[in-house]
Structure formats: structure tokens, C-alpha cells
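Okay, here's what each chain looks like letter by letter:
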Protein chains: 4
Amino acid sequence: MLQRVDVRFIKTPEEVGLKNPIFIEGLPGIGHVGKLVADHLVKELGAEKIVEIYSHHFPPQVMVMEDGLIRMPKNEVYAVSAHNNAPDLLILVGDFQSISSEGHYELVNAYLDIAKKFGVKKIFTLGGYGIGRLVDEPYVLGATNSKELMDELKKYGVRFEANEPGGGIIGASGLLLGVSYLEGIEAACLMGVTSGYMVDPKSAKAVLDVLMKILHIEVSVEALEERAKEMERLIAQIKEIQEASMQQWKSDEDLRYFR
Amino acid sequence: MLQRVDVRFIKTPEEVGLKNPIFIEGLPGIGHVGKLVADHLVKELGAEKIVEIYSHHFPPQVMVMEDGLIRMPKNEVYAVSAHNNAPDLLILVGDFQSISSEGHYELVNAYLDIAKKFGVKKIFTLGGYGIGRLVDEPYVLGATNSKELMDELKKYGVRFEANEPGGGIIGASGLLLGVSYLEGIEAACLMGVTSGYMVDPKSAKAVLDVLMKILHIEVSVEALEERAKEMERLIAQIKEIQEASMQQWKSDEDLRYFR
Amino acid sequence: MLQRVDVRFIKTPEEVGLKNPIFIEGLPGIGHVGKLVADHLVKELGAEKIVEIYSHHFPPQVMVMEDGLIRMPKNEVYAVSAHNNAPDLLILVGDFQSISSEGHYELVNAYLDIAKKFGVKKIFTLGGYGIGRLVDEPYVLGATNSKELMDELKKYGVRFEANEPGGGIIGASGLLLGVSYLEGIEAACLMGVTSGYMVDPKSAKAVLDVLMKILHIEVSVEALEERAKEMERLIAQIKEIQEASMQQWKSDEDLRYFR
Amino acid sequence: MLQRVDVRFIKTPEEVGLKNPIFIEGLPGIGHVGKLVADHLVKELGAEKIVEIYSHHFPPQVMVMEDGLIRMPKNEVYAVSAHNNAPDLLILVGDFQSISSEGHYELVNAYLDIAKKFGVKKIFTLGGYGIGRLVDEPYVLGATNSKELMDELKKYGVRFEANEPGGGIIGASGLLLGVSYLEGIEAACLMGVTSGYMVDPKSAKAVLDVLMKILHIEVSVEALEERAKEMERLIAQIKEIQEASMQQWKSDEDLRYFR
């Protein structure tokens, strides 16, 4: 039995034992910048999976992995315990955003509920800011629900531009900021400027650089480019095959009216 | 935690202390006539915000404001206390109508629930009546759920034409009239005739003129044209950037099937 | 407060006092044949309105009537008391079918719930069977959930053809038969063969003729043609204006992202 | 009254009395391979119908059968008692998959709930793997949620290929594997490679051959080709008429805005 939004704790907040962790979101989005950075952090920091999130708002399908085993669409939260003067971290990564408009709201409610259970007081959502042309030297555009956080982020080189992105911030990266505000939680979105045409490791590196300074952590960035290439390969492959698959599913739709 | 329709009172009806207020709705719509008039009234009358309304039926995104701070999509109710022989007012303004069909019904239920908590007995919804060509001398077309109110409004120059608008009145401006009828509340929609092609301050002025007579209020109309220009500028800018943004979001949809 | 499916009894079953009434459904559909016949019966038999049905599954709008007063989208049930050897009747007429797929199921549940409250044991749903070309001598195609009812209807000239209509019967006229079956209620759909291109009074007359024989009633058919013409006029007018209106609403959609 | 997902037991698990039955799913899908195999098994094994499943997630219509009687869209579960050294079986067949994305999740919850009530420990879902070109010698592609089951299936000639199908497995055949995994139930999907352009009895035979070996059953495959032809005929007929019907329904949509 899978609930509409089905949050499954592998470890309870008590078992994990974090102190005022900072919550980082990096789900699929423009240029997959956010996902690339968050996946990278999970790997490089050896983060531990503590929550799985399933939902009726994800596509109604399973993926087949390299070993022929299937995988349910899911998002996951990983925990990193503080070392040196870095803060404890919770990192939300995963396969999908909601495929329906209402689902975005329901999922963000669930993400924030998890964050609150862990005593989160500050949230960073990661994303791309697509400008439709190639970017030589990507910078990081910020948006936030807190004047204080804005001032802090500016020190790290994050730029804030009036009414940018003009179209707003769509999906979890945006809504998390808005609902956090209503809950009294400071939150900012860090967007790597990118063309929006491909998985962009350069843009991801810009975001990662800023994030490392903010969080007082240091991780190798070498694997980032390799990871982006791998991601690009997978996407190309999936797109190609999926188009074929979709074709058939659609041509098959007439057949649904059957018997 | 954001409810499907999330009504948050900043002040209770008792704290606001209005007497039989008249409820005015001016949400986005054809030519943004209704929104223009209602926003104008809120500013010119120095109205006080007393309710915020969030909803899963609004687009799943936040907007970025001039100062780089984000803003959740929301609608708001403002209160104006009576002066001279004008009645107390409640004014519903905001960012969005529902993006789903069912959502319109749920939001209108919430609007009326607020109105009833304040003892509202009469409602005016404001809108545009698009006729597809430029209008030299816009007039105000009315539609109502009450024969008495119709007779009253005719005295102020509001025209009632058989079966007009032919396509009915879509969204909150229309449904509020219908559901009000079932609740025994008098309600009328005042529609400024407009081309429908642009934000139309002339049409808004026509509606405002009638409304001022009905409500025995007087506000400057000077700012109206400036406000319309500002609105037009914002919309043009948003449309342009949003198209780009939508493009990317869509080209990104294939990538949602990922990992 | 309007429920998702909001059934409002004007008179209770006890007040109406019918005995085993036959339930007739004639909502908008192919060629408006069913609606034309059912509306005609309500008028000619002087039926009394006893139930109003509102729903979030209807379009989120109000219509403006000839007198400038608005009208909420609604469906209605009328009662006719038996005279001579005719049975008591309940007639479901109205403005709309559901605009969502799930809504059809929820509304049909409500229709059947009403029917059961009145002790209904037999249901006739009325519709058109569009064949895509002009029909000189329309006949009545039947479909039913009961072998006994089929045999009875054949005596009245209703034809039953294997697998026709091939595409099934969509909407309330079809679902009512299916869900009735599960509730142990006999039900049949009477479909006037029609081109499907226009409101078809000839097809409606064919259905009416059969229905009069089945129900042992006699009503004038003269007004039928006039009623169809009136319906056609209204539809033409509404379509024209609505297209304009929709155009504007759509061009206005970009503006919904505003402020 | 029809629930959103309405499961009706004709016989209780106790009355049926199966021991650790294996659950087989064969609903409409690519090349109708799964449906063809499952329908064939039900007929050849003389399986007994024990559950009917109705749902708001199926199309809002009824079909008209050869005898002129209507049929509600429904799925069904059949039971086969073990003979020789074959296991007990539950076979899920039916008319439709969900027409909405969320509905897939709700229906799969219901299917698994039924399976669990019968003590099911192993599930096989049947489908087609469309490759967009004619296939001379179809083989069976597998995907599973269990390494042990994979090893077992390989012995029967089922192939497992990395990341195939690339687009994942959409609908009940896929989701059943994913949700089963979370419930601790072994499950595999057996996909007959097929063009995807037609009902494919050759592909179905390949799946059936494997399935017979796995289940230690033997059924005649002669009727399979005849059944596929019959299915193809029905689909061609339905598609043709349905297109006409859809045309009318759509051209009729404008008329829904009426009265």
C-alpha cells in the first residue's frame, strides 16, 4: 500500500542525532544543476540514506537498472554528520519532481515536515537559471525569503537581481522557499546560470564552490565533470528509448478501448 | 504545511469590527480590468490587509520581487472602515485565479466563507468584457443574481443586455455570483467593456466611476493610467521571460525521466 | 459552500409521494437528442422540479440569461405524477455533463442515489447515435443491462445491433446503465440515430414516439421542431461568442502569471 | 454507488481456498501481449472468476456487447486450483488500465491488496517489449525486483539486459513490481519482444512457453493465433468506430456549453 505521499523513515531523527542540520534540496530541474551538485555531495561526503519518499505524483512506472533489477521512482534524504566546523546536513535528492501541479504542493509539505522533524532552521535549494545561450563564466543567482540570509549570501558572491528569474522559480526549489517563509524557516535558492540545453557541470561547479564556502566544507570537484557526462549519456539514452516507448504507449492507447 | 485552500486570518472579524461590509472581488482576468480597479481602491483608500489565501490550485512556483526576495502566490483580503456615508468594505485582490477547473469552486467556497464570517450581505465582482476590438467609450456591463440589485445598478448607468456576455462569466467573478445566490447574498458583476488585448485603464476608469457612485466614495483616478502602464510593463516582461522559462521547463521534461 | 457533488432536495421523496417511478435521463450529448426529448417532456407534462444538482465537475462559470440574471450550471430532476395508466416519472435534465472523467462516475453515483431514494426500479437514458451522415428516417437504437427489458423494447420497434454503438456509450447515458446493473436496477439507453452535426428534432421525435408507447403517455410533438430550432439558435450564438471569449481567456492566461 | 476503486469479491479467499497462489497480471498494453497470454490461460485452464474491480479511473462509458447488452469497464481476477505439481494461480485480466497517472498507483494498491489477502508470495506481470520493427523470433525479456528470481528465470531462457526497457515499464506491469518490492513480495515482468504495431500472437506464444515451464503447466497454444486474430478484428473495428464517435463527442463539446 503506497500512500499519495509516502514518507518512509529508515532511521528516526533520534537515531540519526543531528543538531540544527542545514537542509539542501537538489532534485531534477533546469540543466540538472541542482541534482548534479546534490548527488555529488551525497557521494563525496559519504552521506547516509535515512528517508525514502514515494508518491502517486511520480510517473506510474518503474525504471530498469544496469543489473536488470527494477527501481521504484523515489526521492531520498541523506544525512551528513558535522566534522570540523561544518554544520550537520540533510540532503534531498531523487528521481523526479511531481508530474502534477497540486502534487508539487503536497510533496513540498512532506519535505518540510521531514525538515522540521530534524529541527532544520535553514534551507538551501539548488537549481539552474537557464538563459538560453551558452555561458562562459557561470555565476550563481540567488533568491531568498530572508533579508538577513541575502546579506550573508552576497558575501559569498551570490548575486541578487531584481525580478530574476523573471518567470519565477518553478517546482520544489521555489515552493520550498515560499512555504518555509510561512513556517519561519530561512531559505534561499542558489541557481547556477546555465544555457539550459544540457547537463552543465561548469554551472554546477559554480554552485558547489559557493556552497562549500557557505557550509565550510571541502569536497573534490574532479568527479563532477565525469558525473555530468555520465548523466548526459544516461539522459540521451533514456530520451531516445523513451520516445520510442511513448510512441508505442500512445499508439496503444486506442487499444485500451478494448474487449 | 499548506492546505489545499489555506485561509490565514491576520485579524479576526471581531478585531476588524466592520458592519455589514460590502465585498469587492478584483482578481486577474480579461484585460485585468477587475484587478486594476481593486488594486487601485486598496492603495487609494489605504486599506488594511486582514486575510491571506494560499492554495494548491495556484501555480507551483514563487515569484522573485524587485528586492530579490521571493513571494508565494497568494490572494489577499483588505478591509476599509466606513467614512462619511460610505459603507465598510472588504476587497479581495491577488495574484492568481485557480489553474484547475475544480479549484475555482473550492476557492470561491473559501472566499464566500470569509465574506460570511464578516457578515457580508452584498458582493460586487469586477471584470472585463472583451469584445475583440478597440473600444472608444467603454461602458459597464452588469450581470447579477438579484432583480432588485439590477434595478439599483441601472440607475448608476450599468447596462444589462440579454445573454451577455454570451460565453458566460468564467472564474471567480462569475461563480461568486452563482454560489452567493444559493447562500442568499445579493451579488453583481461589473464588467468594463474592453478589447481584451491589453491592460485597459479606460475600461477600468469606467468601472471605477460606477463603483464610486454605488459606494459613495471618491478616489483620485489619476494614478489609474500610471498603474495600468506599470502593470502592462510587468506583464510584457514576465511574458517574455516566462516563455523562455517554460521552454526550458518543457525541454527539461524529458530529463525528468532520469537517473 | 458548494460540495463536489451537491444534491439539493426541493421536496423530499415523501412529500412528492411517487410510486415506483420510472427514471428518465436526458442530458446534453450527441445531437442533443436526449436533452431535447427530456426537456420537451418536462414542459409538455408540466413536470415539477424537485431536486437541483450542482457540482465542481461542471464548468467554473455562470451563464447570463435573457433577463440579465445569472444562472449557476446545474442539473435538475423533475417529477410527474401518474395519470391514466402511465407510470410516475422522474426526469433528469440539465446544462452539463461532467467536464472530467472521474466526475462522470461521481455524478452518476449521485443520480442513482436520488433514483433509489424514490424507489426507482427502471431507468431509461436518452441519447443520440451519431453516424456522421444525414439520416432520412431515423430509428431508435437500444442498449440495455437486462435481457427482459431488451425483449420488451423490441416490441416497441427499438433495434438492438451487435456491438453498436461500436465506441460504447460515453457519459451519464452509458454509465447509468452499468452502475444500475450492479445495483439490480433495469435500465436501457434509447438512442435516436442522427448525423451528429446538429440538434436533430427528427431523431428526437423518433425517440419520443417510442418513449410515449413505452410509458403509455401522449404529448404533442409540434413544439419539438420549434424547440430544436431555438436550441440550435442558442448554440450557434453561444459557440460564436464563446470562441471569442475563450480566445481572450487563453491570451489572458499568460497574464495570470502576474503582479 | 461505485467507489473510486471498487473491489467486489465474488468468493472470499477462504471459500476459494488456494495455497500460496502465484499471481499473474495480463492487462492491456504494448502489443496486447500480456492480455493475450492471460486471457488464454483463463480460458484454457477453465479458471473461475472470484473478484471484479471497477474504478473511476476507467473511461466513463459502457461497452455494448454482441448480444446488445452493455458491459461496465472492469478488471477481473480468476482462480485456478493446483493440479499435478503446478501451483495455485490467481490471474488478473481486464478491459483497461487507469486513464490517469494517479489512478495507476491506486489500482496497483488494490491489486496487491487482493494478492495479499490470498497469501500471494510471487507475482508475474506479463507485457510486450516494443522495438518498433517486425520480430522474427521473439524472445522474452525479463525485469524483476529479486536477484534470486532473476537467476531462476534465466534458467527458463528469460533474458535480462542492462537498462532494458530503456523507458522503464509503464503501468500496472511495472508498478506491481515496484510496490511488491516494498511489501517483500518477489515479482518479475515477462515481456515478449514485439513490433508494437499489432496484436502479436507469436510474441505471446514466446511468453506463454516460458510461463508454462515456470509454472509446470501445459496448455494448448493452438487457440492463441485465432484469439489474436479475433482481438485484432475487434480492435480494428472499435478503433474505426471510436474515431467517428470521438469526433462527434468532440464536435459536441461546444454544445456542452448550452441552455
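Asks: Hey, could you run me through the overall build of chain A in this one?
Replies: When you go through chain A residue by residue, the secondary structure sums to 8 helices and 11 strands. Here chain A has a C-alpha radius of gyration of 19 Å; the compact-globule value for 259 residues is 18 Å, and the two agree. Here chain A holds 259 residues, and the buried ones make up 53% of them. Relative to all contacts within chain A whose residues are 6 or more apart in sequence, the contacts with residues 24 or more apart total 75%.

Asks: What's the story with the arrangement of the chains in this structure? I'm lost.
Replies: Over all C-alpha pairs, chain A and chain C never come within contact, reaching a minimum spacing of 8 Å. Regarding chain B and chain D, which are not in contact, the minimum distance between any of their C-alpha atoms is 8 Å.

Asks: Honestly, the sheet that holds strand β9 (residues 140–144) of chain D in this entry has me stumped. Any pointers?
Replies: Within a sheet, neighbouring strands are paired by backbone hydrogen bonds and run either parallel or antiparallel to one another. Residue and element names in this part refer to chain D. The 8 strands are arranged β1-β3-β6-β7-β2-β8-β11-β9 in an open sheet whose pairing can be described as mixed. Sheet topology places β1 (5–9) and β9 at the edges, where each strand pairs with a single neighbour. Within the sheet, the average angular offset between the axes of one strand and its neighbour, ignoring direction, is 20 degrees. In this structure, strand β8 (residues 122–130) lies alongside strand β11 (residues 186–194), joined through 9 bridges in parallel fashion. In the sheet register, Leu 126 faces β11, and the bridge partner there is Leu 190. Against the sheet, helix α2 (residues 33–44) engages β2 (22–25), β6 (75–80), β7 (89–94), β8 and β11, with an angle of about 135 degrees to β8. Each of β2, β8, β9 and β11 is contacted by helix α5 (residues 172–183), which is oriented at about 145 degrees to β8, the strand it contacts most.

Asks: Honestly, unusual backbone geometry in this entry has me stumped. Any pointers?
Replies: Note: most peptide bonds trans; most residues except glycine with negative phi. Each neighbour pair has its own omega, and for Glu 164 of chain B with Pro 165 of chain B the value is -5 degrees, a cis peptide bond. With respect to the helices and strands, the residue Pro 165 of chain B is situated in the loop between α4 (147–155) and β10 (169–170). You will see that His 216 of chain C, though not glycine, has its phi angle at about 55 degrees, which is positive. Here His 216 of chain C shows up in the loop between α6 (201–215) and α7 (222–251).

Asks: Help me understand the sheet that holds β10 of chain B, please; the structure alone is not making it clear to me.
Replies: Pairing is antiparallel in the open sheet, where 3 strands are placed in the order β10(B)-β4(C)-β5(C). The open sheet terminates on both sides in strands that have one partner only, identified here as β10 of chain B together with β5 (70–71) of chain C. Of the pairings in the sheet, the one linking β10 of chain B to strand β4 (residues 61–64) of chain C comprises 2 bridges and is antiparallel in character. In the sheet register, Ile 169 of chain B faces β4 of chain C, and the bridge partner there is Val 62 of chain C.

Asks: How should the pairing of β7 of chain D be read in this particular structure?
Replies: Residues in a regular strand point their side chains to alternate faces of the sheet. Residues and elements named next belong to chain D. For β7, a buried count of 6 out of 6 residues is recorded, marking the element as mostly surrounded by other parts of the structure. The side-chain alternation of β7 yields two buried faces, one formed by Leu 89, Ile 91 and Val 93 and the other by Leu 90, Leu 92 and Gly 94. As paired elements, β2 and β7 share 4 bridges and run parallel to each other. What sits directly across from Ile 24, in β7, is Ile 91. Bridge analysis of β6 against β7 gives 6 bridges, and the strand direction is antiparallel.

Asks: Whenever I open this one, the nonpolar core confuses me. Can you help?
Replies: The nonpolar side chains of a soluble globular protein tend to be buried with one another. Ile 91 of chain A, Ile 91 of chain B, Ile 91 of chain C together with Ile 91 of chain D are the most contacted members of the largest nonpolar core, which totals 313 residues. Those residues in contact with Ile 91 of chain D that lie beyond four places of it in its chain are Ile 24, Gly 26, Ala 38, Leu 41, Val 42, Ala 47, Val 77, Tyr 78 and Val 80 of chain D.

Asks: Looking at this structure, I do not really get the packing of helix α2 (residues 33–44) of chain C against α6 of chain C. What am I missing?
Replies: Relative placement of two packed helices is described by the angle separating their axes and the distance separating the axes. All names here are of chain C. At a minimum axis separation of 9 Å, α2 and α6 run at an interaxial angle of 55 degrees. As judged from the angle between their axes, α2 and α6 are oblique. Handedness of the α2/α6 crossing: right-handed. Mapping the contact onto sequence places Val 33, Leu 36, Val 37 and His 40 in α2 and Pro 201, Ser 203, Ala 204, Val 207, Leu 208 and Leu 211 in α6.

Asks: Is there a simple way to explain α5 of chain D in this structure?
Replies: Quick reminder: α-helices carry 3.6 residues per turn. Residues three or four places apart thus point the same way. Residues and elements named next belong to chain D. Taking 1.5 Å of rise per residue, 12 residues should cover 16 Å, and α5 covers 16 Å from first to last C-alpha, within 8% of that figure. When you tally the buried positions in α5, you get 9 out of 12 residues, the bulk of the element. Ala 172, Ser 173, Gly 174, Leu 175, Leu 176, Leu 177, Gly 178, Val 179 and Ser 180 are the residues of α5 that are buried. Following α5 by one or two positions, Gly 184 has its phi on the positive side, about 75 degrees.

Asks: What is the right way to read the environment of Lys 49 of chain B from this model?
Replies: All names here are of chain B. For Lys 49, the position within the fold is in strand β3 (residues 48–55). Lys 49 sits 39 residues away from Ile 10 along the chain, and the two C-alpha atoms are 7.5 Å apart. When sequence neighbours within four positions are dropped, the list of residues in contact with Lys 49 reads Ile 10, Glu 76 and Tyr 78.

How each quantity is defined
Residues numbered from 1 in each chain as written. Chains lettered and ligands numbered in written order. Predicted model: local features only at pLDDT ≥ 70, side-chain atom pairs only at ≥ 80, totals over all residues. Helix = DSSP H or I, 4+ residues; strand = E, 2+ residues; numbered from the N terminus. Rg over C-alpha atoms; globule rule 2.2 N^0.38 Å. Buried ≥ 20, exposed ≤ 12 C-beta atoms within 10 Å, placed from the backbone. Contact = placed C-beta atoms within 7 Å. Pairing = 2+ DSSP bridges. Axes fitted to C-alpha atoms, helices over the stretch in contact; angles between N-to-C directions. Core = buried A, V, L, I, M, F, W, Y, C linked by C-beta atoms within 7 Å. Parallel < 35°, antiparallel > 145°, perpendicular 65-115°, else oblique. Left-handed = near helix turned anticlockwise from the far one by under 90°. Expected span 1.5 Å × (residues − 1).

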